[in-house]
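Listed below are the residues making up each chain.
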2 protein chains.
Amino acid sequence: MSGVRAQQKQKTRQALIEAAFNQLSAEHSFSNISLREVAREAGIAPTSFYRHFKDMNELGLTMVDEAGLTLRQLMRQARRRIASGGSVINTSVQTFMEFIDTSSNQFRLLLRERSGTSKAFRAAVAREIKHFTLELAHYLETETPCDKNHAYMQAEAMVILVFNAGADALDQDSQQLAELTERLVWQLRYIARGSAHYGGH
Amino acid sequence: MSGVRAQQKQKTRQALIEAAFNQLSAEHSFSNISLREVAREAGIAPTSFYRHFKDMNELGLTMVDEAGLTLRQLMRQARRRIASGGSVINTSVQTFMEFIDTSSNQFRLLLRERSGTSKAFRAAVAREIKHFTLELAHYLETETPCDKNHAYMQAEAMVILVFNAGADALDQDSQQLAELTERLVWQLRYIARGSAHYGGH
DNA sequence: AATCTCAGCGTACACTTGTACGCTAAAATA
DNA sequence: TATTTTAGCGTACAAGTGTACGCTGAGATT
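Residues numbered from 1 in each chain as written. Chains lettered and ligands numbered in written order. Predicted model: local features only at pLDDT ≥ 70, side-chain atom pairs only at ≥ 80, totals over all residues. Heavy atoms only, no water.

Points about the overall build of chain A
Okay, so step 1: When its secondary structure is counted, chain A shows 8 helices and 0 strands.
Okay, so step 2: Traced from its N-terminal end to its C-terminal end, chain A shows the element sequence α-α-α-α-α-α-α-α.
Okay, so step 3: Projected onto the principal axes, the alpha-carbon positions of chain A cover approximately 60 × 40 × 35 Å.
Okay, so step 4: Evaluated residue by residue, chain A yields a buried proportion of 49% over its 201 residues.
Okay, so step 5: Approximately 10,100 Å² of chain A is accessible, and the part contributed by carbon and sulfur atoms is 50%.
Okay, so step 6: Averaging the coordinates of the 24 positive side-chain charges in chain A and doing the same for the 22 negative ones gives two points 7 Å apart. (Helix = DSSP H or I, 4+ residues; strand = E, 2+ residues; numbered from the N terminus. Buried < 20%, exposed > 50% of the residue type's maximum accessible area, 1.4 Å probe, protein only. Areas by Shrake-Rupley, 256 points an atom, 1.4 Å probe, with all protein chains shown as cover. Lys, Arg positive; Asp, Glu negative; His and termini not counted. Charge placed at Lys NZ, Arg CZ, Asp CG, Glu CD.)

Written out as structure tokens, the structure reads:
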């Protein structure tokens, strides 16, 4: 049982996932890439697709998981930077913007399927974002004087703003991006301030 | 020149637009409704579609305009309610939630095409949202002690939060919706507070 | 060594899609 | 009244889709 077989299967499976991610772009969303195109790019026959996924839906959900994983890894990295003496807001925003720049297709998937046509997709993305939010809420709760409930609402608002700014960032040049980022930072400060006012200890 | 001809044309044009809106739903977005389906529902032959729109893109942009119009009318209505003595935040949120309930397909269009695959669509939606934001910013600037720049950033953040809450509202029952709305109101208060702190006069 | 498993292939089929082309009848215009 | 314009239709076609079905050959199992 050397697993040559299983190993190869895993390999083409990953090839399918990567092929699908590669076909995402500003003008191509998951719902308009076809099984055949994905199979073609992965270098297998269309019908072989079914050896790996029940249908495109199942592939998509797997991709959402993968994107969520990337996002959480990113967050851990941001926390490390913060622990070693960075500003919380600036570091987080900068880290997120790097995510959008380097993993734009993963971000695009989350962004679009968040309001897409499949309830399962929407739920999956919502779950990933909730993880993200809960971790931030936990951080806020322990690191700032802040009521638990308010910490969550604060985190939720912040995540929404950051996500939306990320979406806008995809369409803008670096000049606009700088302004956008600055506005975002201010808006996050508003929330931190406001939350401290209502929910501070 | 009674215009019987032009009148009828306008009528089927509107029928096409409505047919398209009717086909939008939780599981059907604009990008996956077809010219033929729209024509079928509007009661004309597929090829007759071209007498009214160059392609589906043109139809879609028209729909975005229409949805934007609905949104602005709604806002005017909210301002009236506020002027006659309602709380700003509560009234606005309530009005918006009614929009989502009664014109959910218009909202869905804006929501999805905001991050869709057509740059023209994204720009069109962004324009509508910017109108919305600018009017709110203007209101904040005149009605509250608030720096112009901060008024805009505040308005922008608020609109984003309201929009996102609306998106979530589409998938939830009335129980969850009540909680969601309450959280949203708090978050808007954060922003108002925070903005007042940094940008108040 | 004999048997089984199964990833990948090719063929085939029934659909749906956008749209080119030419016709018709009714409204508009002259 | 004679002529022009045009909204809507039917036919036709090429392209692309998902997927059912049966085969093959190489790894895995016994």
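Re the domain arrangement of chain A
Residues and elements named next belong to chain A.
Okay, so step 1: For chain A, the domain assignment lists domain 1 (1-53) and domain 2 (56-199).
Okay, so step 2: Every contact between the two is made by 20 residues of domain 1 and, on the other side, 14 residues of domain 2.
Okay, so step 3: In terms of surface lost to domain 2, no three residues of domain 1 exceed Phe21, Phe30 and Phe53, which account for 46% of the buried area on that side.
Okay, so step 4: Where domain 1 meets domain 2, there are 0 salt bridges.
Okay, so step 5: Applying the counting rule to domain 1 against domain 2 returns 5 residue pairs in polar contact (both at pLDDT 80 or more).
Okay, so step 6: Here the side of domain 1 that touches domain 2 gets 6 residues from one element, more than from any other, and that element is helix α1 (residues 4-23).
Okay, so step 7: Of the residues that constitute the side of domain 1 that touches domain 2, the class distribution is 11 nonpolar, 8 polar and 1 charged. (Domains from an automatic or database assignment. Contact = heavy atoms within 4.5 Å. Buried area = accessible area lost by both parts, 1.4 Å probe. Salt bridge = Lys/Arg side-chain N within 4 Å of Asp/Glu carboxyl O. Polar contact = N/O pair within 3.5 Å; in protein donor to acceptor, adjacent residues only side chain to side chain. Nonpolar A, V, L, I, M, F, W, Y, C, P; charged D, E, K, R; others polar.)

Overview of the nonpolar core
One recurring pattern in soluble globular proteins is that nonpolar side chains are buried together.
Okay, so step 1: By size, the foremost hydrophobic cluster in this structure holds 121 residues, and its most contacted members are Leu59, Met63 and Phe96 of chain A together with Leu59, Met63 and Phe96 of chain B.
Okay, so step 2: No other element matches helix α7 (residues 148-169) of chain A, which puts 14 residues into this core.
Okay, so step 3: Excluding anything up to four places from it in sequence, methionine 63 of chain B contacts Ile17, Ala20, Phe21, Leu24, Phe30 and Leu109 of chain B. (Core = buried A, V, L, I, M, F, W, Y, C linked by side-chain atoms within 4.5 Å.)

Structural notes on the interface of chain B and chain A
Okay, so step 1: Listed by partner, the interface residues are 35 residues for chain B and 35 residues for chain A.
Okay, so step 2: If you sort the residues of chain B by the area they bury against chain A, Thr117, Tyr190 and Tyr198 of chain B come out on top, with a joint share of 21%.
Okay, so step 3: One can count 19 residue pairs in polar contact (both at pLDDT 80 or more) joining chain B with chain A.
Okay, so step 4: At the level of elements, α5 (104-113), α6 (119-143), α7 (148-169) and α8 (174-199) of chain B are the ones that each hand at least two residues to the side of chain B that touches chain A.
Okay, so step 5: Element by element, the count of residues in the side of chain B that touches chain A is highest for α8 of chain B, at 11 residues.
Okay, so step 6: Partitioning the side of chain B that touches chain A into residue classes produces 11 nonpolar, 14 polar and 10 charged.

Here's the deal with the protein's contact with DNA strand D
Okay, so step 1: Inspection of the region around DNA strand D gives 22 residues, with Arg36 of chain A together with Arg5, Ala45, Arg51 and His52 of chain B positioned closest.
Okay, so step 2: Among the atoms of DNA strand D close to the protein, meaning within 4 Å, 52% are from sugar or phosphate groups.
Okay, so step 3: Between glycine 3 of chain A and DNA strand D, the recorded distance is 3.1 Å, taken from a backbone N or O atom to a phosphate oxygen.
Okay, so step 4: The element best represented in the surface near DNA strand D is helix α2 (residues 35-42) of chain A, accounting for 4 residues.
Okay, so step 5: When the residues that make up the surface near DNA strand D are grouped by side-chain class, the tally is 6 nonpolar, 8 polar and 8 charged. (Near = heavy atom within 4 Å.)

Focus: the UniProt feature "domain: HTH tetR-type" (unreviewed entry) in chain A
Okay, so step 1: If you check UniProt for "domain: HTH tetR-type" (unreviewed entry), the listed places come out as residues 11-71 of chain A in our numbering.
Okay, so step 2: Taken end to end, residues 11-71 of chain A comprises 61% helix and 0% strand; its first and last C-alpha atoms sit 23 Å apart. (UniProt positions renumbered as here; feature names shortened; annotations may be inferred.)

Some words on the relation of the copies chain B and chain A
Okay, so step 1: Mapping chain B onto chain A leaves a residual RMSD of 0.0 Å; the transformation is a rotation of 180° accompanied by 0.0 Å of translation along its axis. Such a combination of rotation and displacement between the chain copies is what one expects of a two-fold axis. The C-alpha atom lying nearest the rotation axis in chain B is that of glycine 194 of chain B; the distance is 2.3 Å. (Least-squares fit on C-alpha atoms with pLDDT ≥ 70 in both.)

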